[in-house]
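Next come the chains, spelled out residue by residue.
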Amino acid sequence: MMDDILLAGEKSKAKDPNNWVIVGTAPIHEIYGCMLRKGDTGFKQVVDDAIKATYSSGEINKMYEKWFQQPIPPKNINLNFKMSDQLKALISTPHDRDQ
């Protein structure tokens with residue numbers, strides 16, 4: 001697997017999600033990226049600053065809890081997907097490197 005949150009989504013739709021367990025770890029650990037027009041350094045700086053502010057303020061934790069650990073309308077499906085230690089580490093040190 002490369003996208004464990006997709007597995008969590010599929011698990012949440014099962015008749016009995018408690019009968020399913022996601023095992024193992026994803027071979028790739030990365031946060032999703034944003035595509036920007038090449039050479040638009042001003043816009044890139046705005047995006048970078050907004051992401052860093054979301055991470056450093058702790059707002060990312062509220063957003064994550066809302067969408068991955070609480071019932072999601074309209075079907076009120078709860079992914080019950082806790083933030084991994086790898087994701088916490090990536091959030092603590094944001095960067096724009098390829099790896």
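Parameters and conventions
Residues numbered from 1 in each chain as written. Predicted model: local features only at pLDDT ≥ 70, side-chain atom pairs only at ≥ 80, totals over all residues. Heavy atoms only, no water. Helix = DSSP H or I, 4+ residues; strand = E, 2+ residues; numbered from the N terminus. Rg over C-alpha atoms; globule rule 2.2 N^0.38 Å. Buried < 20%, exposed > 50% of the residue type's maximum accessible area, 1.4 Å probe, protein only. Contact = heavy atoms within 4.5 Å. Areas by Shrake-Rupley, 256 points an atom, 1.4 Å probe, with all protein chains shown as cover. Lys, Arg positive; Asp, Glu negative; His and termini not counted. Charge placed at Lys NZ, Arg CZ, Asp CG, Glu CD. Core = buried A, V, L, I, M, F, W, Y, C linked by side-chain atoms within 4.5 Å. Phe/Tyr/Trp six-rings, centres within 6.5 Å; stacked < 30°, edge-to-face > 60°. Arc of directions from axis to C-beta. Salt bridge = Lys/Arg side-chain N within 4 Å of Asp/Glu carboxyl O.

A. Representation of the overall build of the protein chain in the model. Per the secondary structure count, the protein chain includes 4 helices and 0 strands. In sequence order, the protein chain lays out its α and β elements as α-α-α-α. Relative to a compact globule of 99 residues, whose C-alpha radius of gyration would be 13 Å, the protein chain shows 16 Å and is clearly more extended. Along the longest, intermediate and shortest principal axes, the C-alpha atoms of the protein chain span 50 × 30 × 25 Å. Evaluated residue by residue, the protein chain yields a buried proportion of 15% over its 99 residues. Residue pairs at least 24 apart in sequence account for 47% of intrachain contacts in the protein chain once pairs closer than 6 positions are excluded. For the protein chain, the exposed area adds up to about 8,200 Å²; of that, 56% sits on carbon and sulfur atoms. The average position of the 13 basic charges and that of the 13 acidic charges among the side chains of the protein chain differ by 4 Å.

B. Inspection of the nonpolar core at higher detail. Grouped together as the largest cluster of nonpolar side chains are 9 residues: Ile5, Ala8, Tyr55, Ile60, Tyr64, Leu79, Phe81, Met83 and Ile91. Residues within four places of Tyr64 in sequence aside, it is in contact with Gln69, Phe81, Lys82, Met83 and Leu87.

C. Expanded view of the packing of aromatic side chains. Evaluation of the coordinates by the stated rule reveals 1 aromatic pair. Ring plane angle 45 degrees and centroid distance 4.6 Å describe the contact between Tyr64 and Phe68, whose orientation is recorded as tilted. Within this pair, Tyr64 and its partner Phe68 are both found in helix 3 (residues 59-68), separated by 4 residues, close to a single helical turn. The exposure class assigned to Tyr64 is buried, which follows from its relative accessible area of 8%.

D. Molecular detail of helix 1 (residues 4-12). Considered for burial, the residues of helix 1 that qualify are Ile5, Ala8, Gly9 and Ser12. Projected down its long axis, helix 1 shows its buried positions confined to an angular sector of 100 degrees, all on one face. Structural note: helix 1 exposes Leu6 and Glu10 on the side pointing more than 90 degrees away from its buried face. Summarising the contacts, the buried residues of helix 1 are in contact with helix 3.

E. Representation of the pattern of salt bridges within the structure. For the coordinates displayed, the defined rule picks out 4 salt bridges. The shortest N-O distance in the salt bridge between Asp48 and Lys44 comes to 2.5 Å. In this pair, Asp48 and Lys44 both sit in helix 2 (residues 41-57), 4 residues apart, roughly one turn of the helix. A salt bridge links Glu59 to Lys62, with the shortest nitrogen-to-oxygen separation between them at 3.8 Å. Remark: Lys62 and Glu59 occur in helix 3; sequence separation between them is 3 residues, near one turn of the helix.

By themselves, these observations are geometric and do not establish any function.
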